[in-house]
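Structural overview for review
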Amino acid sequence: MTAPLAEVLDGQHVADLRKAARALLKHPLLLARGRNSDEFRLVRRHAPELREWFDRNTGWSLLVDAETARLRKIPGVLTDPTHPARDASRGAAPFTRRRYVLFCLALAALERGEAQIALGRLADQIVLDAADPRLAAAGLEFALERRDERLDLASVVRLLLDLGVLRRVAGEEEAYVSGVGDVLYDVERRVLAGLLATRRGPSTVRADDLEGRLAELVAETALDSDELRFRAMRRSLTRRLLDDPVLYYDDLTDAELGYLTRQRGFLTARITELTGLVAEVRAEGIAMVDPDDDLTDLRMPEQGTHGHITLLLAEHLAAAEAPVTPGELALRVRDLAAEHGGFWSKSAREPGMETELVEQAVARLTALGLVSRTPHGVAARPALARYAVGETVIREPGSASVPPQRKATS
């Protein structure tokens, strides 16, 4: 029997709203042109509903105009270093402190500049701004004369290109890095103006240390009533459920844990309704798992040599009863190479590569909330049990076993 038209239209509305919400979570900055133009149109069509949901449940504001859609996301954990910026090139290294500073200096120069700018001109402006004595006092100097410094600037520019702040008109960054050419860009001022995601201007921040400055940038209004405090906890917990691979109860304050215990069903149901993420509840915490395996910047397991090594080390760590030192893990990789090396890339089998392979694997597992680094080595976290070989260990009464190789969202 054919479903009534109203029911079909309502189902299509829900599906489109979910697709729009997932697009924003994956790409908080969407442009009317380019690879995400279809998703942008969906977001613009459903902007009122999306704006209301994100404001109520996360405190994130959604700004939509004819050219851009910007979800101004604020992380649930401000000091998490496990998801650094990278440029769009394949195998790009994570941003270093130098690159982050260059990125900020580049934004400041572009804000003051014209509608078009050459990379050499941008570099000159950055060098002038970098002469600030406060940067020198912090140990940061930029002459952009060495190749490694120009590589850092090129990486920053590629990120700006990927974000849509710049559009390449002529030239290639490689020519600038080699010192044999320049590059010309259009500056998309609307996109540039929407990049900053803070609740207050950086110039108004007075704290001296990094954590204090980050807290001031995103601080909400004074929480002087129970209603405001509960709203702040609801928003913070929802942000962490959406952003973090696993929300561990041990990482919460007593007040947050009490609120989550009372409101867990409501919070997870609201997220599932909008995004399709499914709550996986264990004795140690909650993971919002994506059945479509799409809302993640890191996957586990991953294809290729590094993915295979990471999975094998995950199994090893899941079976360990105490933290394992990086040296012990390197020896384990050497043993694994003898058994599985025929399936690995040639570079991974070279002597001395064990340390780098271990670091890459541990970095991925840490970012996914599966292990933690301790003074004694690398320690398994409860969610790693899904990758254990054999029967999953039940840590507490009532905790659920989880199929191995299930993917977590981040």
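Everything discussed here concerns the structure shown above.
Throughout what follows, the structure given in this document is the object of discussion. Each chain carries its own residue numbering, running from 1 in the direction its sequence is written. Local features in this predicted model are restricted to residues of pLDDT 70 or higher, and side-chain atom pairs are both shown and tallied only at a pLDDT of 80 or more, whereas totals for entire chains, interfaces and linings draw on every residue. Side-chain figures throughout are based on the complete set of non-hydrogen atoms in the structure, without hydrogens or water.

Comments concerning unusual backbone geometry
In this model, L144 sits at a positive phi of 55 degrees, which is unusual for a non-glycine residue. As for its placement among the helices and strands, L144 is situated in the loop between α6 (133-137) and α7 (147-163). Only protein chains enter the accessibility calculation, which uses a 1.4 Å probe; a residue is then buried when its area is under 20% of its type maximum, exposed when over 50%, and partly exposed in between. Overall, the relative accessible area of 8% leaves L144 in the buried class. You will see that D293, though not glycine, has its phi angle at about 50 degrees, which is positive. A run of H or I in DSSP becomes a helix once it reaches four residues, and a run of E becomes a strand once it reaches two; helices and strands are each numbered from the N terminus. Checked against the element boundaries, D293 lands in the loop between β9 (285-289) and α13 (304-319). According to the relative accessible area criterion, D293 is partly exposed, its value standing at 24%.

Let's talk about the environment of P326
With respect to the element layout, P326 can be found in helix α14 (residues 326-340). For the pair formed by P326 and E174, sequence separation is 152 residues and the distance between their alpha carbons is 36 Å. Residues contacting P326, with those up to four places away along its chain left out, are V358 and G377. In what follows, a contact means two residues having at least one pair of non-hydrogen atoms within 4.5 Å.

Comments concerning the side chain of D16
Take D16: it is sitting in helix α1 (residues 5-26). What makes D16 buried here is its relative accessible area of 16%. With residues up to four places along the chain from it excluded, the contact list for D16 reads L42, R45 and H46.

Describing the packing of aromatic side chains
Any two of the Phe, Tyr and Trp rings considered here, Trp counted by its six-membered ring, make a pair once their centres fall within 6.5 Å; the pair's planes then place it as stacked at under 30 degrees, edge-to-face at over 60, or tilted in between. Evaluation of the coordinates by the stated rule reveals four aromatic pairs. Ring plane angle 25 degrees and centroid distance 5.9 Å describe the contact between F230 and Y259, whose orientation is recorded as stacked. With a gap of 29 residues between them, F230 in helix α11 (residues 226-243) and Y259 in helix α12 (residues 254-275) connect regions that are remote in the sequence. The class of F230 is partly exposed, set by a relative accessible area of 37%. Through successive ring pairs, a cluster of aromatic residues spans W53, F54 and W60.

A word on the pattern of salt bridges
Salt bridges are defined by distance alone: a side-chain nitrogen of Lys or Arg within 4 Å of a carboxyl oxygen of Asp or Glu. Under the criterion given, the structure shown has 30 salt bridges. A salt bridge links D152 to R98; its shortest N-O distance comes to 3.7 Å. Of this pair, D152 sits in helix α7 while R98 sits in helix α4 (residues 97-112), and the two are 54 residues apart along the sequence. On the accessibility criterion, D152 (10% relative accessible area) is buried.

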